[in-house]
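Residues per chain, in single letters:
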Amino acid sequence: MTINPERLKHIEDHEGQTFKEYVTNLRLSPEDFDKKILDVGSGIGSFAKASKERGLANDIYSIDFHFVPYETGKGAVADVTRLPFPDKTFDLIISNCAIPNVLSSQFDHNKEAVEKRIVDAFDECVRVAKDGGEVRLSPVFRGDYFESYRVLSAAVTKALQYVKEKYNVDVEEIKIGDKRESSFSDEETAHIDGEKSDSDRIVREDYLVIIKKPNNNLDEN
Ligand SMILES: C[S@@+](CC[C@H](N)C(=O)[O-])C[C@H]1O[C@@H](n2cnc3c(N)ncnc32)[C@H](O)[C@@H]1O
């Protein structure tokens with residue numbers, strides 16, 4: 001059976017678009033592609049595939065909770081809160097449109113459960129980063145319009161504090177994109193998740209979060 005050329009073009013366009021999004025959101029430089037990368041919440045691994053096809057990188061691993069990545073030798077179905085890799089395996093851990101945002105909407109919405117998943121996810125990402133390595137997550141939603149954003153923001157703050165204390169990492173939060181104001185009236189949003197809304201508040205701001213692990217090997221020399 002041959003694939004309809006229109007369908008193939010659609011898939012290629014989608015992959016190209018995803019690739020561009022990764023590079024922009026995560027501020028990836030050409031040098032980054034020489035690193036050993038782990039993409040968490042990778043979907044089917046389009047970023048690894050597109051990077052390989054462009055001759056940029058062939059050492060990108062992908063993990064996703066629901067999807068089997070294209071390259072099974074360099075990927076797995078796994079939960080970011082329990083990564084199947086030894087400590088200090090990767091130079092760069094990345095996540096585009098996935099971690100931590102998706103963790104606030106899974107299973108159990110209560111604040112403690114969301115916080116625990118996000119703290120565990122950050123802990124795991126930093127654990128598998130080599131000394132001198134980096135974790136980059138984007139976009140990370142910050143905002144207070146909906147209760148879910150408030151819970152997510154508080155959990156991210158807590159998770160960043162946790163990894164700072166545990167691994168002595170440096171953290172940078174870079175605002176990307178525009179601040180999104182509410183375009184809804186209170187009446188329009190009143191029914192959403194039973195939320196109490198306020199149309200003057202910020203809906204959300206998006207950040208690139210960069211976590212840098214200290215280079216302990218250099219310190220010892
Ligand atoms: C919006 S998609 C983004 C996919 C890809 N990064 C992209 O930009 O095209 C979010 C992905 O996160 C994955 N995901 C959700 N929860 C996860 C978890 N706990 N651990 C790993 N991946 C997870 C989902 O299965 C989904 O593929």
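The structure contained in this document is the topic of the report that follows. None of these values were measured; they are calculated from a predicted model.

Examining the overall build of the chain
Point 1. On a plain count of helices and strands, the chain comes out with 6 helices and 7 strands.
Point 2. Ordered by position from the N terminus, the helices and strands of the chain form the series α-β-α-β-β-β-α-β-α-β-α-β-α.
Point 3. Each of the 221 residues in the chain was classed as buried or not, and the buried ones make up 33%.
Point 4. Considering only contacts in the chain between residues 6 or more positions apart, those separated by 24 or more positions represent 70%.

So, the nonpolar core
Point 1. L38, V40, I93, I118, F122, C125 and V126 are the most contacted members of the largest nonpolar core, which has 45 residues in total.
Point 2. Here this core gets 7 residues from one element, more than from any other, and that element is helix α3 (residues 111–127).
Point 3. Leave out the neighbours within four places in its chain, and V40 touches I63, V80, I93, S95, A98, I99 and C125.

A closer look at the site of the ligand
Point 1. Among the 18 residues in the neighbourhood of the ligand, the closest are listed as G41, G43, F65, H66 and A98.
Point 2. Grouping the amino acids of the shell around the ligand by side-chain chemistry returns 9 nonpolar, 7 polar and 2 charged.

Description of helix α2 (residues 46–53)
Point 1. Among the residues making up α2, those that are buried are S46, F47, A48, A50 and S51.
Point 2. Immediately downstream of α2, the backbone of G55 shows phi near 70 degrees, a positive value.

So, the packing of α3 against helix α4 (residues 147–167)
A pair of packed helices can be characterised by two numbers: the angle between their axes and the separation between those axes.
Point 1. Put simply, α3 and α4 touch, their axes get as near as 8 Å, and they point 40 degrees apart. Relative to α4, the element α3 lies oblique. For the pair α3 and α4, the crossing hand works out as right-handed. Contacts between α3 and α4 pair K111, V114, E115, I118, V119, F122, D123 and V126 from the former with V151, L152, A155, V156, K158, A159, L160, Y162, V163, K166 and Y167 from the latter.

What about unusual backbone geometry?
Point 1. Between I99 and the following residue, P100, the backbone shows a cis peptide bond with an omega angle of 10 degrees.
Point 2. Within the element layout of this structure, P100 appears in the loop between β4 (90–96) and α3.
Point 3. Residue P139 is reached from S138 by a cis peptide bond, and omega for that bond is -15 degrees.
Point 4. Its identity is not glycine, yet R27 carries a phi of approximately 50 degrees, on the positive side.

A short note on α3
Point 1. The terminal C-alpha atoms of α3 lie 24 Å apart, and with 17 residues this matches the ideal 24 Å at 1.5 Å per residue to within 8%.
Point 2. Among the residues making up α3, those that are buried are V114, E115, R117, I118, V119, A121, F122, E124, C125 and V126.

Thoughts on the environment of V80
Point 1. With respect to the secondary-structure elements, V80 resides in the loop between β3 (75–77) and β4.
Point 2. The spacing of V80 and C125 is 45 residues in sequence and 7.6 Å in space, taken between C-alpha atoms.
Point 3. Ignoring sequence-local partners within four residues, the contact set of V80 consists of V40, G41, I99, A121 and E124.

The rules we used
- Residues numbered from 1 in each chain as written.
- Predicted model: local features only at pLDDT ≥ 70, side-chain atom pairs only at ≥ 80, totals over all residues.
- Helix = DSSP H or I, 4+ residues; strand = E, 2+ residues; numbered from the N terminus.
- Buried ≥ 20, exposed ≤ 12 C-beta atoms within 10 Å, placed from the backbone.
- Contact = placed C-beta atoms within 7 Å.
- Core = buried A, V, L, I, M, F, W, Y, C linked by C-beta atoms within 7 Å.
- Near = placed C-beta within 6 Å.
- Nonpolar A, V, L, I, M, F, W, Y, C, P; charged D, E, K, R; others polar.
- Axes fitted to C-alpha atoms, helices over the stretch in contact; angles between N-to-C directions.
- Parallel < 35°, antiparallel > 145°, perpendicular 65-115°, else oblique.
- Left-handed = near helix turned anticlockwise from the far one by under 90°.
- Expected span 1.5 Å × (residues − 1).

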